[in-house]
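What follows is the residue order along each chain.
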Amino acid sequence: MKWIHTADWHLGKLVQGVHMTEDQRYVLEQLLQAIVEERPDAVIIAGDLYDRAVPPTEAVELLSETLQRIIVDLHTPVLAIAGNHDSPDRLDFAAKIMEQRGLHLAGRLRRELEPVVLHDEAGEVHFHLIPYADPAQARHVLDDDSIRTHDDMMRAIISRLEERMSRQARHVLIGHAFVTPHGEPQDNTSDSERPLAIGGAEHVRAEWFRPFHYVALGHLHQAHYVGSETIRYAGSPLKYSISEENHRKGFYVVEMDASGGIQVDKRLFSPLRDMRRVKATMEELLTHPVNEDYVFVTLLNEHPVLYPMEKVRTVYPNALHVERRPPAAVAADSQESELPRARREADPAALFAAFYEEVQGRPPGEAQQALLIETWNELLRAEGDGA
């Protein structure tokens, strides 16, 4: 069986105030062409179809058009789940009706975890669609008081799946989570990835996924595998932050043989406009050929430049940001102490602890840390529900 694994479309995305819809449509056309050429048995979208719970009209129209072309015109089933940016209830609307046409869309986590069953010459392949959910929601839905973290939640879900998994079938899990080899904290792969939780509660151990022949993940924007080459993030189709400048965006074409063996081939997208940095003096920059890329410009001039954005956009009309950093300042940046940098990159719990200790002269207690984490995670839940 063959399928395409993609994720994190973030339709409706704004980058520095610029709508990315035209760029998204451009790469989705390439995906549609790949479906024509590859003729997969299914297309997987592992969460974050939209960038926010209430997407703009043009994003809804683009998703509707793309799904129609895949399912109706190309007769290819789509298996998709909600990510932490999506509204589970909106994606769940009329989901049962759409299954009859080949759209299998899991918006909200449910107690009944029935797989989508597809067939090939070797038999059944069971696709287990696990949409993003907050641990508090999963604790209620699954009636399991042991669920406190995302790791607990995934352990509980997979334990339930294992109880009912057919040993004669091959199994694929589709999920949206922050998976690391041993559940250890790691940095996000992009500044545009919204944290799922704080206080060490968002990371999930890769070992839970051992029962599956392939795991199609979404959430992290850089394509990579975790521990095993069959546990993979497809990454986002476009660069949504300058922190993704060096990512190679694309999708996976995955083939499974009769015994469950997996072969993965990565295909790259060609963006309408790249996103990259440009470092030069204004005088040097004005000699560059005109270019439509999304650029973040660092001017190396020693003295202030009048109307820098207006001048930059005569060469780079889609410039997103301009700053001036003389060479001496750039050199100083490279020698910056570790403490300020670490504080900038720390999660809110670590920042709170550092601030509290500076003000009070002692670190916060466990109860204070727990209260902060609970409050912050409530805010994340509210944001995910569209509040």
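Numbering of residues begins from 1 in every chain and follows the order in which that chain's sequence is written. Residue-level local features of this predicted model are given only where pLDDT is at least 70; pairs of side-chain atoms are given and counted only at 80 or more, and the full residue set underlies all totals for whole chains, interfaces and linings. Note: side-chain values were computed over all heavy atoms of the structure, leaving out hydrogens and water.

Within an unreviewed UniProt entry, the label attached to the protein chain reads Nuclease SbcCD subunit D, and the organism entered is Xylanibacillus composti. Per its UniProt entry, the protein chain bears the Sequence similarities (unreviewed entry) comment "Belongs to the SbcD family." UniProt positions are given in the numbering used here, feature names are shortened, and annotations may be inferred rather than shown by experiment. Quoted verbatim from the Function (unreviewed entry) field of UniProt, the annotation for the protein chain is "SbcCD cleaves DNA hairpin structures. These structures can inhibit DNA replication and are intermediates in certain DNA recombination reactions. The complex acts as a 3'->5' double strand exonuclease that can open hairpins. It also has a 5' single-strand endonuclease activity."

Structural notes on the pairing of strand E15 (residues 250-256)
Burial within E15 is extensive, with 6 of its 7 residues counted as buried. Strands pair, by our definition, only if DSSP identifies at least two bridges between them. Each helix corresponds to a stretch of at least 4 residues labelled H or I by DSSP, and each strand to a stretch of at least 2 residues labelled E; elements are numbered beginning at the N terminus. Bridging between strand E1 (residues 2-6) and E15 involves 4 bridges; their strand directions are antiparallel. In the strand pairing of E15, His-5 is matched with Tyr-252. Looking at chain direction, E15 and strand E16 (residues 262-268) are connected through 7 bridges and run antiparallel. Of the residues in E16, the one forming a bridge with Val-253 is Asp-265. When a residue's accessible area, from a 1.4 Å probe over protein chains only, is under 20% of the maximum for its type it is buried; when over 50% it is exposed; and in between it is partly exposed.

Side note on the sheet that holds strand E17 (residues 275-280)
Taken together, 3 strands build an open sheet; the order of strands is E17-E18-E19 and the sheet is parallel. For this open sheet the edge positions go to E17 and strand E19 (321-324), each flanked by a neighbour on one side alone. On average, adjacent strands in this sheet sit at an angle of 15° to one another, irrespective of strand direction. Examined bridge by bridge, strand E18 (residues 294-299) and E19 share 4 bridges and lie parallel to one another. Along E19, the bridge assignment pairs Thr-298 with Glu-323. Helix axes use the C-alpha atoms of the stretch in contact, all axes being lines fitted to C-alpha atoms, and the angles between their N-to-C directions lie in the range 0 to 180 degrees.

A look at the pattern of salt bridges
For salt bridges, the criterion is a side-chain nitrogen of Lys or Arg within 4 Å of an Asp or Glu carboxyl oxygen. One pass over the full model with this rule turns up 20 salt bridges. Across the pair Glu-38 and Arg-267 runs a salt bridge, and its minimum N-O distance is 2.4 Å. Of this pair, Glu-38 sits in helix H1 (residues 21-38) while Arg-267 sits in strand E16, and the two are 229 residues apart along the sequence. Overall, the relative accessible area of 16% leaves Glu-38 in the buried class. Where Asp-293 meets Arg-276, a salt bridge forms, and the shortest distance between an N and an O atom there is 2.8 Å.

A closer look at the environment of Val-253
In this fold, Val-253 is placed in strand E15. Under the relative-accessibility criterion, Val-253 is labelled buried at 3%. For the pair formed by Val-253 and Lys-266, sequence separation is 13 residues and the distance between their alpha carbons is 6.3 Å. Beyond its immediate chain neighbours, meaning those up to four positions away, Val-253 contacts Lys-2, Trp-3, Ile-4, Glu-38, Gln-263, Val-264, Asp-265 and Arg-267. We call two residues contacting when some pair of their heavy atoms lies within 4.5 Å.

Remarks on helix H2 (residues 57-73)
Residue count minus one, scaled by 1.5 Å, sets the expected span of a helix. The end-to-end C-alpha distance of H2 is 23 Å, a good match for the 24 Å that 17 residues give at a rise of 1.5 Å each. Buried residues belonging to H2 abut H1, strand E4 (42-45), strand E5 (78-81) and strand E6 (103-106). Within two residues after H2, His-75 carries a phi angle of roughly 55°, on the positive side.

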